[in-house]
Amino acid sequence: MSRINYFLAMASIAAGIIIAVLFASASPGAHQAQPQKPVPNEQISADAQQGAPLSADTGERLSSSPATGREGNRPQQIGRDSGIAETDPGEAVRRSHPADDHTASETARQMTESRPAPQPFSSAHESLMEEKDAPGGEADRPAVPPRKEPKIAYLTFDDGPSGSTPKILDILRRYNVKATFFVIGNTTEEGKAMYKKIVEEGHALGNHTFSHNYGKIYSSVEAFRADLQKLDDLLYETVGIRPDIIRFPGGSNIHLSRRSGGRTMMKNITREMANRGFQYFDWNVSSTDAAAPVQDLEAIVTSVAANSRNKDRIIVLMHDNTRKTTTVEALPRVIDKLRADGYSFDVLTKNSFTFQFLKP
Ligand SMILES: [Zn+2]
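Take the overall build of the protein chain next. Secondary structure summary: the protein chain contains 15 helices and eight strands in total. Looking at the protein chain as a whole, 43% of its 360 residues qualify as buried. A separation threshold of at least 6 residues defines the contact pool for the protein chain, and within that pool the share at least 24 residues apart is 76%. Only carbon and sulfur atoms are counted for the fraction: they give 55% of the accessible area of the protein chain, which is about 20000 Å².

The structure is reproduced here in structure tokens:
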């Protein structure tokens, strides 16, 4: 081999190696061979959150956001711990709406009212990330946590007196709990005896109108005032008390037909009652004992527990009705659960905490 040939051969081998190296570094296959970059934590948590089981709150958020294929595939666990098993909130509202029992629509409304306002999914996601990325962390928190308000539960029983009243009173006495009874007109001897017993045992009496007849009481401001006055007189004759606390049958935001005056009528009535010195009370915790003629006992207990979460003052709606046997059966457990959650019990008064769906 001549020197020239040897030189050419060496040069072509070197050129081949250079081309091979250049080609290898430029080809996409070279990147695929590299180890994968770690996925940032935020991205993992965001994905995990999207696939996570839904709480009642996120379920609400979900149902109000536009449906996408991905969201549609999420597991439906809405309302599992609120006692409204396997039903979406809208469904529960629709189902209970046509019921003639006012309390069913009360409950449906309560279910809507008690939920926190839905947040857009993206903003919740952002706030999660902010919290995680915020500098400082533990060091920025105040050394002494802010003083918490004492937790108070106001148990309320509507529509009595009834055959259940003596049983409810027995339980309340045994557990040393005072409650508020929003009573209606009952002129029987048993009924009058119950008004007396409620007062004697230290509970509060509230006026829930004499007739509880929507068509009658909500036909005009004057009709409402007259019906309320009729019970006021009966209570004064019986127990010497004219209650200054009231609860509107169906709640202050009751849906009225246009013939009855609609929302304007409720506004006029609430204003008139406030001007006359009455305070009215709706509720921020429903026991859901009116969602069925005889509600499931577990549903009552779990609804009160779920609906009272994160609230320092709760007005709990229950019913004093002979047929509602599970309300009575659930009561000891409701009391035990609320006590375990740190609540003490008190009666409603004109100046106590109130919760109103519609302001006067
Ligand atoms: Zn009622």
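Looking at the secondary structure, you find isoleucine 314 in strand S7 (residues 313-319). With a relative accessible area of 0%, isoleucine 314 lands in the buried category. Spatially, the C-alpha atoms of isoleucine 314 and tryptophan 283 are 7.5 Å apart, while their sequence positions differ by 31 residues. Filtering out sequence-adjacent residues up to four positions away, isoleucine 314 remains in contact with Ile152, Ala153, Tyr154, Asn284, Val285, Ser308, Leu338 and Tyr343.

Under the counting rule described, the total for this entry stands at ten salt bridges. A salt bridge links arginine 242 to aspartate 232; the shortest N-O distance between them is 2.4 Å. Note that arginine 242 is positioned in the loop between helix H12 (221-239) and strand S4 (245-246) and aspartate 232 in helix H12, a separation of ten residues in sequence. By relative accessible area, which is 43% here, arginine 242 ends up partly exposed. Put simply, lysine 337 and aspartate 341 hold a salt bridge, and the shortest N to O gap is 3.1 Å. Accessibility expressed as a relative area gives 35% for lysine 337, which makes it partly exposed.

In this model H12 runs 27 Å from its N-terminal to its C-terminal C-alpha over 19 residues, within 8% of the 27 Å that 1.5 Å per residue would give. Glycine 240 sits one or two positions beyond H12 and adopts a positive phi of about 75°.

Before going further, it helps to spend a moment on the nonpolar core. Ranked by internal contacts, the top residues of the largest apolar core, which has 37 residues, are Leu155, Phe157, Leu172, Phe181, Leu331, Ile335 and Leu338. With six residues, helix H15 (residues 325-340) is the single largest residue contributor to this core. Excluding anything up to four places from it in sequence, leucine 172 contacts Leu155, Phe157, Val177, Ala179, Phe181, His203, Leu331 and Ile335. Judged by nonpolar contacts, the second largest core, of 15 residues, contains Phe224, Ile246, Ile254 and Met265.

Turning our eyes to something else, we now look at the packing of helix H9 (residues 165-174) against helix H10 (residues 189-200). Axis angle and axis distance: for two packed helices, these are the angle between their axes and the distance between the axes, and together they describe the pair. Viewed as axis vectors pointing N to C, H9 and H10 meet at an angle of 10°, and their least axial separation amounts to 11 Å. With respect to H10, the element H9 is oriented roughly parallel. Between H9, through Thr165, Pro166, Leu169, Asp170 and Arg173, and H10, the contact on the second element is made entirely by Met194, Lys197 and Ile198.

The next point concerns unusual backbone geometry. Cis geometry marks the peptide bond from glycine 160 to proline 161, where omega comes out at 0°. Structurally, proline 161 is set in the loop between strand S1 (151-158) and H9. Here the phi dihedral of asparagine 176 falls at roughly 55°; this positive angle occurs in a residue that is not glycine. Tracing the backbone through its elements, the reader meets asparagine 176 in the loop between H9 and strand S2 (180-183). Notably, asparagine 310 is not glycine yet its phi reads approximately 65°, a positive angle. Structurally, asparagine 310 can be placed in the loop between helix H14 (297-307) and S7.

So, about the environment of phenylalanine 345. Its place among the elements puts phenylalanine 345 in strand S8 (residues 343-345). Look past the residues within four positions of phenylalanine 345 in its chain and what remains in contact with it is Ala153, Leu155, Val177, Lys178, Ile335, Leu338 and Arg339.

On to the environment of arginine 242, then. With 36 residues separating them in the primary sequence, arginine 242 and glycine 206 have C-alpha atoms 8.8 Å apart. Leave out the neighbours within four places in its chain, and arginine 242 touches Gln229, Asp232, Asp233 and Tyr236. Among the polar contacts listed, one links the side chain of arginine 242 to the side chain of aspartate 232, at a separation of 2.4 Å.

With respect to burial, S7 is a largely interior element, six of its seven residues being buried. Pairing between S1 and S7: seven bridges, direction parallel. By the bridge assignment, aspartate 158 is partnered in S7 with histidine 319. Where strand S6 (residues 285-286) meets S7, two bridges bridge the pair, whose relative direction is parallel. Within S7, the residue paired with valine 285 across the bridge is valine 316. This β-α-β element, S6 to H14 to S7, shows right-handed connectivity.

Cut-offs and rules
- The written sequence of each chain sets the order in which its residues are numbered from 1.
- Whole-chain, interface and lining totals are the exception, using all residues; otherwise, since this is a predicted model, local features are given only for residues with pLDDT of at least 70 and side-chain atom pairs are given and counted only at 80 or more.
- For the side-chain quantities, the full set of heavy atoms in the structure was used; hydrogens and water were omitted.
- Only DSSP runs of H or I with at least four residues qualify as helices, and only runs of E with at least two residues qualify as strands; both kinds are numbered from the N terminus onward.
- For every residue, the accessible area (1.4 Å probe, protein chains only) is compared with the maximum for its type, and the residue is labelled buried under 20%, exposed over 50%, or partly exposed between those bounds.
- Any two residues having at least one pair of non-hydrogen atoms within 4.5 Å are treated as being in contact.
- Accessible areas in this description were obtained via Shrake-Rupley with a 1.4 Å probe; residue shielding takes into account the shown protein chains only.
- Only one rule defines a salt bridge in this text: a Lys or Arg side-chain nitrogen within 4 Å of an Asp or Glu carboxyl oxygen.
- Each residue after the first adds 1.5 Å to the expected span of a helix.
- Grouping buried Ala, Val, Leu, Ile, Met, Phe, Trp, Tyr and Cys residues that are joined through side-chain atoms within 4.5 Å yields what is termed a nonpolar core.
- Axis angles are defined between N-to-C directions and span 0 to 180 degrees, where every axis is a line fitted to C-alpha atoms and, for a helix, only to the segment in contact.
- Working definition: roughly parallel below 35 degrees, roughly antiparallel above 145 degrees, roughly perpendicular at 65 to 115 degrees, and oblique for all remaining angles.
- Whenever a nitrogen or oxygen atom comes within 3.5 Å of another N or O atom, the pair is scored as a polar contact, on the condition that within protein one atom can donate a hydrogen and the other can accept it, and that pairs from neighbouring residues in sequence are kept only if both atoms are in side chains.
- Paired strands, in this sense, are two strands between which DSSP finds at least two bridges.
- By convention, a crossover is right-handed whenever its connection, traced from the first strand over the helix to the second and viewed with the strands pointing away, goes clockwise.

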